[in-house]
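Observations on the three-dimensional arrangement
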Amino acid sequence: MIKKYETIKNLLSTSNGIAVVQTTLPSQAVFIAKKLLEKGVRAMEIAYRDCENYDGSDECIRAVVDEVPEMLIGAATITNPKLAKRAIKAGARFILTAGFNQATVRYCVRKSFPIFPGVSTPGEIEQAMMFGLDTLKLFPVKMLGGTDYLKALNGPYPDIQFIVTGGVNAENAEEYKKCPNVLCVSGSFLCK
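Heads up: these notes are all about the structure in this document. Along each chain, the written sequence defines residue order, and numbers are assigned to residues from 1. Given that this is a predicted model, residues contribute local features only at a pLDDT of at least 70 and side-chain atom pairs are listed and counted only at 80 or more, while totals for whole chains, interfaces and linings are drawn from all residues. Just so you know, side-chain values use all the structure's heavy atoms and leave hydrogens and water out.

**Points about the overall build of the chain**
Along the backbone of the chain there are nine helices and nine strands. Taken over C-alpha atoms, the radius of gyration is set against a globule rule of 2.2 Å times the number of residues to the power 0.38. Taken against the 2.2 N^0.38 rule, which gives 16 Å for 192 residues, the C-alpha radius of gyration of the chain at 15 Å falls within 12% of a compact globule. If you line up the chain on its principal axes, its C-alpha atoms span 45 × 35 × 30 Å. For each residue, the accessible area found with a 1.4 Å probe, counting protein chains only, is set against the maximum for its type, and the residue is called buried under 20%, exposed over 50%, and partly exposed in between. Counting all 192 residues of the chain, 49% fall into the buried class. Any two residues whose heavy atoms approach within 4.5 Å are treated as being in contact. Restricting the contact set of the chain to residue pairs at least 6 apart, pairs at least 24 apart contribute 61%. Throughout, the Shrake-Rupley method with a 1.4 Å probe supplies accessible areas, and for residues the shown protein chains are the sole cover considered. Only carbon and sulfur atoms are counted for the fraction: they give 52% of the accessible area of the chain, which is about 9000 Å². Across the chain, the centroid of the 23 positively charged side chains sits 4 Å from that of the 19 negatively charged ones. Secondary structure elements follow DSSP: runs of H or I of four or more residues count as helices, runs of E of two or more count as strands, with numbering from the N terminus. The charge count treats Lys and Arg as positive and Asp and Glu as negative. His and the chain ends do not count. The location of each charge is read from NZ of Lys, CZ of Arg, CG of Asp or CD of Glu.

**Regarding the pairing of strand 1 (residues 18-21)**
Every second residue of strand 1 is oriented toward a common face, with Ile18 and Val20 on one face and Ala19 and Val21 on the other, all of them buried. Summarising the sheet, strand 1 and strand 2 (residues 43-47) pair through four bridges and their orientation is parallel. Residue pairing in the sheet places Val20 in a bridge with Glu45 of strand 2. Note on handedness: a crossover is taken as right-handed if, strands pointing away from the viewer, the path from the first strand over the helix to the second is clockwise. With respect to chirality, the unit in which strand 1 leads through helix 2 (residues 26-38) into the neighbouring parallel strand 2 is right-handed. Should DSSP find at least two bridges between two strands, the strands are taken to pair.

**Considerations on the environment of Thr147**
Here Thr147 shows up in helix 8 (residues 146-154). The class for Thr147 is buried, based on a relative accessible area of 11%. Setting aside chain neighbours within four positions, we find Thr147 in contact with Glu175, Tyr176 and Cys179.

**Some words on the side chain of Thr104**
On the secondary structure map, Thr104 appears in helix 5 (residues 102-110). Residue classification places Thr104 among the buried positions, given a relative accessible area of 0%. A polar contact of 3.4 Å, which involves the side chain of Thr104, links it to the backbone nitrogen of Asn80. When neighbours within four sequence positions are excluded, Thr104 is seen to be in contact with Ile78, Thr79, Asn80, Pro81, Ala84, Thr97 and Ile115. In protein, a polar contact requires one atom able to donate a hydrogen and another able to accept it; more generally it is a pair of N or O atoms within 3.5 Å, and residues adjacent in sequence count only if both atoms are side-chain atoms.

**Quick word on the pattern of salt bridges**
Note on definitions: salt bridges are taken to be side-chain nitrogens of Lys or Arg within 4 Å of carboxyl oxygens of Asp or Glu. One pass over the structure, following the stated rule, counts six salt bridges. Put simply, Lys35 and Glu38 hold a salt bridge, and the shortest N to O gap is 3.7 Å. With Lys35 and Glu38 both in helix 2 and three residues apart, this pair spans about one turn of that helix. When its relative accessible area of 37% is taken as the criterion, Lys35 is described as partly exposed. Since its relative accessible area comes to 61%, Glu38 is described here as exposed. The shortest N-O distance in the salt bridge between Lys177 and Glu174 comes to 3.2 Å. Of the two residues, Lys177 and Glu174 both sit in helix 9 (residues 173-177), three residues apart, roughly one turn of that helix. When its relative accessible area of 35% is taken as the criterion, Lys177 is described as partly exposed. Its relative accessible area of 47% is what places Glu174 among the partly exposed residues.

Right, here's the structure in full:
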């Protein structure tokens, strides 16, 4: 897992962010992926949320993998191992979760599949560390205290990096990117 995990982290660090895409239409996902690449955004996530047609999410991932292979595609809002398995089978290169779900994390770690679980507290950060993870999704960063919270976390957890989302927008993204413990930003604002 370490090599694959490190490879994905390196790609994300140079991706200009992760665009949050919510669609169940493969043609729309492909269109968005192409437009994002034109803007210099080289990573996107298909969100498995607010949609009853998860098959559409799977198909969106497959379509982007097939038609826009240079896009680093992930699956987000994965809430259980069953969804993780589906997203991996569809071709996702990484998994993001909104919260820290041990069953989902355990499944991905056992499969040696890159996962960036959602955390919001030091306790959750330490749980993730117990799984050998050092890059996590900090959500919802703005509500947690924004860059001040990131600075506070850097003291006790200097080796942990974060993908920050939840209140990140075009106006404050650069401020987040300047934090030494931010790997990259994530948000739907990148799709506009």
